[in-house]
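Below are the chains, spelled out letter by letter.
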Amino acid sequence: MNAAIARVWRRESAQLPSRASPWITRIACGCFLLGCVAIYGIGTIAPARTGTAYIIVHAALTAAMLAAWGAGGAAQARLIAITGIVARLTLIAAPMVSSNDAERYLWDGAVALAGFDPYSVPPADPMVATLRAIWATPPEHAAYPTLYPPVALAIFAGSALAGPVWGIWLWKLLASIAGIAIVPLAHRLLRRYGLERHLALVALSPLLVLEIGVGAHVDSLIALVIVTALLAFKDGRPGLVGALLGLGACIKLLPAAALIGLGLAMGWRAALRTAAAATGTVGAIYGAALAIGWRPIGSLPVFFEKWRNGSPLFTLLEATLPMSGLITALATLAIVLLGGATLMARTRPVVATQLAMATPLLLSPVAFPWYLLALTPLAALAPSVTVLGWLTLSPLVYEVRDRFVSEGIWMPASWPLVLIGAGWIAGLAIDAARARHRLTAAKAPPDRAPA
């Protein structure tokens, strides 16, 4: 798949006009919508193989996205944007075949509405037995209180106000609205950078479309925050960038990493304003959470205790190093990667932000596909085979759902991690070769004019 991305990249970079390009884009957009409709048949056609079916649909949508990207360009941006919006509308009522996280969201919201501290009361606690009779909660979550930051819990609680029947659909609608809003905002952002031809990488991103429409993940809000923060960054508004990233960190922690790339890129004074705005926003929100009796500080270790999946690097290090060596290796890699992001922030802020936000995902014990949603707008601004390959290969981890759905056994296979890791290596090699080629071309003397 990385080789396919590289071929499309070369074709797209050449920007050669073609009479066939509009038709290729139209066919690709049509196929993309058909793939979205196919989601509705997974439960009937492959009820015991939902993970495999999801992977197949994702691969088909990826092929359609790459075709539209390679052939469409800026001339077909309107068609691509409309297709992306229609695809998201199409999936609002789709069954949630990839994850049951939305059930957990509503449970956490219901716990908050009932007056309990969601950070202290797990679903198995006898105090919330009456709630368990009303609200569905995944059994594998029973022993763990929530780990979502306060703003996310407030949104979950708002959705839970609609009740156990309609609450899940209200949440799904909110997630879909966020996904739809990303399309025009990303279009505006790419146009501001003169990169409108890359719109398909956001509007038709299978990861964005499926993980929002089928998974209904809270990361849809994070992707929206990142797009909005990138627009504020382009407008040179450090305070707004900081406030948005601070708000995003109170939905899910990942946007805090973007402060390195976007904050430092505007200079030290602007970086201080960005950091102050982010800190003030986070402080105000967490202060309010503490004031109402929640205890959100320290909930993150629950996450690291519970899950292992989708992380080739962490899995390799954990299997080969003792605990002390694992911690040292992760800390060293974090310093190197974040240091690299810091050094390139002034010259290549988008790439620096990519690297900063990718670092916790690379080093985490878990990197579920929806965790990567925030990288999609950044991938459109600065496409690389490495990042696009990662976005493409990450859903392979859904193979675990086949056995989980049919037998209730969570036993991830190792082959998806091998392929994802190989994709990283191949992508880095291709990107390095392309960078070396550009550098050589830039240093080459200009051709002599003919006599």
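Residues numbered from 1 in each chain as written. Predicted model: local features only at pLDDT ≥ 70, side-chain atom pairs only at ≥ 80, totals over all residues. Heavy atoms only, no water.

Caption draft 1: Representation of the overall build of the protein within the structure. In terms of regular secondary structure, the protein is built from 23 helices and zero strands. What you see for the protein is a C-alpha radius of gyration of 22 Å, in line with the 22 Å of a compact globule of 451 residues. Its C-alpha atoms put the protein at 90 × 55 × 45 Å along the principal axes. Buried residues in the protein amount to 54% of all 451 residues. In the protein, once contacts between residues fewer than 6 apart in sequence are set aside, the share between residues at least 24 apart is 78%. Per element, the accessible surface of the protein, about 19500 Å² overall, is 69% carbon and sulfur. (Helix = DSSP H or I, 4+ residues; strand = E, 2+ residues; numbered from the N terminus. Rg over C-alpha atoms; globule rule 2.2 N^0.38 Å. Buried < 20%, exposed > 50% of the residue type's maximum accessible area, 1.4 Å probe, protein only. Contact = heavy atoms within 4.5 Å. Areas by Shrake-Rupley, 256 points an atom, 1.4 Å probe, with all protein chains shown as cover.)

Caption draft 2: Seen up close, the packing of helix α13 (residues 238-249) against helix α15 (residues 268-291). Interaxial distance between α13 and α15 falls to 7 Å at its minimum, and their mutual angle equals 35 degrees. Note on packing geometry: the crossing formed by α13 with α15 is right-handed. Between α13 and α15, the contacting residues are P238, G239, V241, G242, A243, G246, L247 and A249 on the first element and A270, R273, T274, A277, A278, T281, V282 and I285 on the second. For the contact of α13 with α15, the class distribution of residues is 10 nonpolar, five polar and one charged. (Axes fitted to C-alpha atoms, helices over the stretch in contact; angles between N-to-C directions. Left-handed = near helix turned anticlockwise from the far one by under 90°. Nonpolar A, V, L, I, M, F, W, Y, C, P; charged D, E, K, R; others polar.)

Caption draft 3: Quick peek at a nonpolar patch on the surface. Residues V165, W166 and W169 make up a contiguous nonpolar surface patch of roughly 370 Å² in combined accessible area. Note on placement: W169 falls in helix α9 (residues 163-192). Since its relative accessible area comes to 37%, W169 is described here as partly exposed. (Patch = residues over 30% accessible without salt bridge, like charges linked within 9 Å, V, L, I, M, F, W, Y side chains within 5 Å. Salt bridge = Lys/Arg side-chain N within 4 Å of Asp/Glu carboxyl O.)

Caption draft 4: View of the nonpolar core. Ranked by size, the top nonpolar core spans 119 residues in total, and within it W171, V218, I226, M357 and W390 carry the most contacts. Non-local contacts of V218, meaning those with residues more than four positions away in its chain, are made with Y105, Y148, A152, F156, W171, I251 and K252. Judged by nonpolar contacts, the second largest core, of six residues, contains L326, A329, L330 and L363. (Core = buried A, V, L, I, M, F, W, Y, C linked by side-chain atoms within 4.5 Å.)

Caption draft 5: Layout of the environment of V225. Looking at where V225 falls in the secondary structure, it is placed in helix α12 (residues 219-234). Residues V225 and I182, 43 residues apart in the sequence, show an inter-C-alpha distance of 9.0 Å. Discounting chain neighbours no more than four positions away, the residues touching V225 are L244 and G248.

Caption draft 6: Local environment of the packing of helix α6 (residues 101-113) against α9. At their nearest, the axes of α6 and α9 sit 10 Å apart, and the two run at 110 degrees to each other. By the criterion of interaxial angle, the relationship of α6 to α9 is roughly perpendicular. Here the hand of the crossing between α6 and α9 comes out right-handed. Contact residues: α6 offers A102, E103, Y105 and L106, while α9 offers G167, I168 and W171. The class makeup of the residues in the contact of α6 with α9 is five nonpolar, one polar and one charged. (Parallel < 35°, antiparallel > 145°, perpendicular 65-115°, else oblique.)

Caption draft 7: Representation of the side chain of S311 within the structure. When you line up the elements, S311 lands in the loop between α16 (301-306) and α17 (312-320). The class of S311 is buried, set by a relative accessible area of 1%. Only 2.5 Å separates the side chain of S311 from the backbone oxygen of S364, close enough to count as a polar contact. (Polar contact = N/O pair within 3.5 Å; in protein donor to acceptor, adjacent residues only side chain to side chain.)

Caption draft 8: Geometry of the packing of aromatic side chains. The full count for this structure, using the stated rule, is 11 aromatic pairs. For the pair Y148 and F156, a centre-to-centre distance of 5.5 Å together with 85 degrees between the ring planes defines the contact as edge-to-face. Ring centres of F156 and W171 lie 5.4 Å apart, and the angle between their planes is 85 degrees; this geometry places the pair in the edge-to-face category. With F156 in helix α8 (residues 150-160) and W171 in helix α9, this residue pair connects regions lying 15 residues apart in the sequence. Here F156 and W171 have matching classes, each one buried. Taken together, the aromatic side chains of Y105, Y148, F156 and W171 make up a single cluster linked through ring pairs. Geometry around W23 places R26 over its ring, the cationic atom sitting 4.8 Å from the centre. Directly above the ring of Y193 sits K234, whose terminal nitrogen or CZ lies 4.2 Å from the centroid. (Phe/Tyr/Trp six-rings, centres within 6.5 Å; stacked < 30°, edge-to-face > 60°. Lys NZ or Arg CZ within 6 Å of the ring centre and 35° of its normal.)

Caption draft 9: Layout of the pattern of salt bridges. What the rule picks out here adds up to three salt bridges. With a closest N to O distance of 2.7 Å, D235 and R192 form a salt bridge. With D235 in the loop between α12 and α13 and R192 in helix α9, this pair connects stretches of sequence that are 43 residues apart. Judged by relative accessible area, D235 falls into the partly exposed class, the value being 36%. You can call R192 partly exposed: its relative accessible area is 36%. Measuring nitrogen to oxygen at the nearest pair gives 2.9 Å for the salt bridge that ties D219 to K252. Here D219, found in helix α12, pairs with K252, found in the loop between α13 and α14 (258-265); they are 33 residues apart in sequence, far enough to count as distant.

Caption draft 10: Quick peek at helix α23 (residues 415-443). The end-to-end C-alpha distance of α23 is 42 Å, a good match for the 42 Å that 29 residues give at a rise of 1.5 Å each. If you check which residues of α23 are buried, you get P416, L417, I420, G421, G423, W424, G427 and D431. (Expected span 1.5 Å × (residues − 1).)

Caption draft 11: Here's a closer look at the environment of G246. Residue position: G246 is located in helix α13. Residue G246 is classed as buried on the basis of its relative accessible area, which comes to 2%. The spacing of G246 and A48 is 198 residues in sequence and 41 Å in space, taken between C-alpha atoms. When residues no more than four places from it in sequence are discounted, the contact partners of G246 are A278, T281 and V282.

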